[in-house]
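Descriptive analysis of the structure
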Amino acid sequence: MRGLVWFRRDLRVHDNPALSAAVEECDEVVGLFVFDEPLLRSGIFGSACVNFMLGSLEHLASSLAGIGILLQWRRGEPVEEVIREAHDCKADLIYWNRDYEPRAKHRDRQVQQQMAGMGMSARTFKDHVVFEAEEVRGVTGEPLQRYSAYRTRWWVKWQTVKPVALPVPKPIKPTRPLSSQCMSTLPSANDLGYDVLTPWIEPGEHQALKRLRSFLNGPIHRYSDGRNLPASDGSSRLSPHFRFGTLSPRMAIHAALRTLAENGRGSRVDVLAWVDELIWREFFQQVLTAFPQVAEGPFRNAAIPRSRRPGPERYRFFQAWCSGHTGYPIVDAGMRQLNQTGWMHNRVRMVVASFLIKDLRIDWQSGERYFMHQLLDADVAANNGNWQWCASTGTDAMRGYRIFNPALQSKKFDPDGTYIRLYVPELASVPVNRIHEPHLMSPEEQDRYACHIGVDYPTPVVDHRQARQEYLNLGKQQVRR
Ligand SMILES: Cc1cc2nc3c(=O)[nH]c(=O)nc-3n(C[C@H](O)[C@H](O)[C@H](O)COP(=O)(O)OP(=O)(O)OC[C@H]3O[C@@H](n4cnc5c(N)ncnc54)[C@H](O)[C@@H]3O)c2cc1C
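Below is a short write-up of the structure. As the structure is a computational prediction, the values presented were derived from the model and not from experiment.

A separate point is the nonpolar core. Of all hydrophobic cores here, the largest spans 130 residues; its most connected members are Trp-154, Trp-274 and Trp-321. At ten residues, helix 11 (residues 268-290) tops the list of elements feeding residues into this core. When neighbours within four sequence positions are excluded, Trp-274 is seen to be in contact with Leu-212, Phe-215, Ile-220, Tyr-223, Ser-236, Leu-238, Phe-242, Ala-252 and Ala-256. Judged by nonpolar contacts, the second largest core, of 16 residues, contains Leu-32, Val-34, Ala-86 and Cys-89.

So, in structure tokens, the structure goes:
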């Protein structure tokens, strides 16, 4: 029997349920990846993401070759290409791991329908999450809308089910190239219409496992504090690996929990705080599955102030935010980190999102789209869930609005300005007492530190206190209506 494994968000050989099942059940296995032409042309994702994916595919091809499986690739409309490949390589069964994004679910249904018409069938598997949406529900079977409730039930499920992580499959009889349309070498980012760049976080399963090991050997045991400091290496930076499935969430959680048992070294609070973040990831996947409409609009109709209308001012504000020229150093450092590396620290993501929505009064969807385009870890569920959380339209609603004060956040989490100086070099010589609010420097100080506000570094685009008050006033009017 010949099996075709369609790789999508699972670019690894360890703990890959679809791959393991195919190897177990078939005499010959062929791997397939489809470059989704309409998606690539849509411009939703940017070069950082595409280069990470290509790098990871290269590693996957070599790992698969090691177990006797050839990774073929095709480019085009995915439904057509998968069906064509299944036909050309005379596959008896197609295997894939499930994807929960609305667009992907629609695509997969179409493939299944067409396959059924051809007398072929598919086997699909849970992989991207530890628990799928239907597995973690409220007492009456309802989808959960609060993270805390979801988390409690997630842990109950974990203790009951004890999910396993599968080993790398044993080598099987090698396959020959089967389809004349597929070449052995992968296309370059340029071939796909994107810039070639070296991903800031190294792609591929091998790098994911290496990074996980080094994180578990140190930073995880200081995670509760370290995770909030953008200048330190306090979080795992594994998000692109979870996004592209170069790392299995089950495997990562087991490995983290093992550090608690081994040598008594692990700090319980820190390790569990890290696992909690992976539960947030699953929570937002669950929200997207149960409430797919969030991809198109707010999760709930909150009484939030109307965003600024299109016009020159909105355009200027949005450009300043995107390019990191708002005059608020922590916001600018975050946006420049994003533009230069494709990644941004979580604390700073919250600060820049709050600033865009509350201070500049620009709709959260514009920020969401910009992040999707720039991020290495761009993921519909996590990105949308977090943007909606910041906009106060999402799950985990609270009274009032979450409005971050950028200067206070910066003083608290980047006290000596190391992070700011790294990404905003024009502030490099500004002393600590001025780095968070350089516009407060006197003309003499500006001369002394060779940083003239409005010349070398921008004047703040808005006054935070005033903008905050305006936002609150508009919010009150909205409630009264
Ligand atoms: C406005 C905004 C947009 C975001 N967009 C994305 C996105 O597109 N893709 C994405 O993966 N994360 C997104 N996040 C969540 C979070 O910022 C990143 O997952 C995190 O910074 C990744 O760094 P890390 O791997 O070092 O995380 P760690 O702190 O080491 O956490 C471990 C893993 O847990 C998951 N995780 C952590 N925090 C969150 C969270 N708040 N929500 C969901 N999952 C989480 C990630 O997979 C992460 O790799 C966003 C956050 C905000 C505030």
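Picking up where we left off.
The next subject is helix 11. A rise of 1.5 Å per residue sets the reference length of helix 11, with its 23 residues, at 33 Å; its end C-alpha atoms lie 32 Å apart and thus fit the reference within 8%. With 17 of 23 residues buried, helix 11 is to be regarded as a mostly interior element.

With that settled, consider the pairing of strand 5 (residues 121-125). As paired elements, strand 4 (residues 93-97) and strand 5 share five bridges and run parallel to each other. Note that in strand 5 the partner of Tyr-95 across the bridge is Arg-123. On the question of chirality, the crossover connecting strand 4 to the parallel strand 5 by way of helix 5 (residues 102-117) is right-handed.

Below, the discussion takes up the site of the ligand. For the ligand, the set of nearby residues contains 26 residues, the closest of which are Tyr-223, Ser-235, Ser-236, Arg-237 and Asn-346. At 3.0 Å from a nitrogen atom of the ligand is found a side-chain nitrogen or oxygen belonging to Asn-383. Within the side chain of Asn-386, an N or O atom sits 3.0 Å from a nitrogen atom of the ligand. A total of five residues in the shell around the ligand trace back to one element, the largest contributor, which is helix 11. In the shell around the ligand, the residues fall into 14 nonpolar, six polar and six charged.

Further remarks concern empty space enclosed by the protein. Under the definition given, this model contains three cavities of 30 Å³ or more. In this structure, the largest cavity spans a volume of roughly 80 Å³. In terms of lining residues, the largest cavity is bounded by Phe-284, Val-287, Leu-288, Val-294, Phe-299, Ala-381, Asn-384, Gly-385, Gln-388, Gly-394 and Thr-395. Contributions of two or more residues to the lining of the largest cavity are made by helix 11 and helix 16 (380-391). At four residues, helix 16 tops the list of elements feeding residues into the lining of the largest cavity. Class assignment for the residues of the lining of the largest cavity results in six nonpolar, five polar and no charged.

On to the pattern of salt bridges. What the rule picks out here adds up to 31 salt bridges. A salt bridge links Asp-15 to Arg-250, with the shortest nitrogen-to-oxygen separation between them at 2.8 Å. With Asp-15 in the loop between strand 1 (2-7) and helix 1 (17-25) and Arg-250 in helix 10 (residues 249-261), the pair connects residues that are 235 residues apart, well separated along the chain. Residue classification places Asp-15 among the buried positions, given a relative accessible area of 1%. The closest approach of N and O atoms between Arg-41 and Glu-37, which form a salt bridge, is 3.7 Å. On the criterion of helical spacing, the pair formed by Arg-41 and Glu-37 is a turn pair, its members being four residues apart in helix 2 (residues 37-42). Overall, the relative accessible area of 15% leaves Glu-37 in the buried class.

Definitions and limits used
- Residues numbered from 1 in each chain as written.
- Predicted model: local features only at pLDDT ≥ 70, side-chain atom pairs only at ≥ 80, totals over all residues.
- Heavy atoms only, no water.
- Core = buried A, V, L, I, M, F, W, Y, C linked by side-chain atoms within 4.5 Å.
- Buried < 20%, exposed > 50% of the residue type's maximum accessible area, 1.4 Å probe, protein only.
- Helix = DSSP H or I, 4+ residues; strand = E, 2+ residues; numbered from the N terminus.
- Contact = heavy atoms within 4.5 Å.
- Expected span 1.5 Å × (residues − 1).
- Pairing = 2+ DSSP bridges.
- Right-handed = clockwise from strand over helix to strand, strands pointing away.
- Near = heavy atom within 4 Å.
- Polar contact = N/O pair within 3.5 Å; in protein donor to acceptor, adjacent residues only side chain to side chain.
- Nonpolar A, V, L, I, M, F, W, Y, C, P; charged D, E, K, R; others polar.
- 1 Å grid on protein atoms, 1.4 Å probe; cavity = no way out; pocket = protein on both sides within 12 Å on 5 of 7 lines; lining within 4 Å.
- Points joined across faces, edges and corners; volume = space filled by probe spheres on them.
- Salt bridge = Lys/Arg side-chain N within 4 Å of Asp/Glu carboxyl O.

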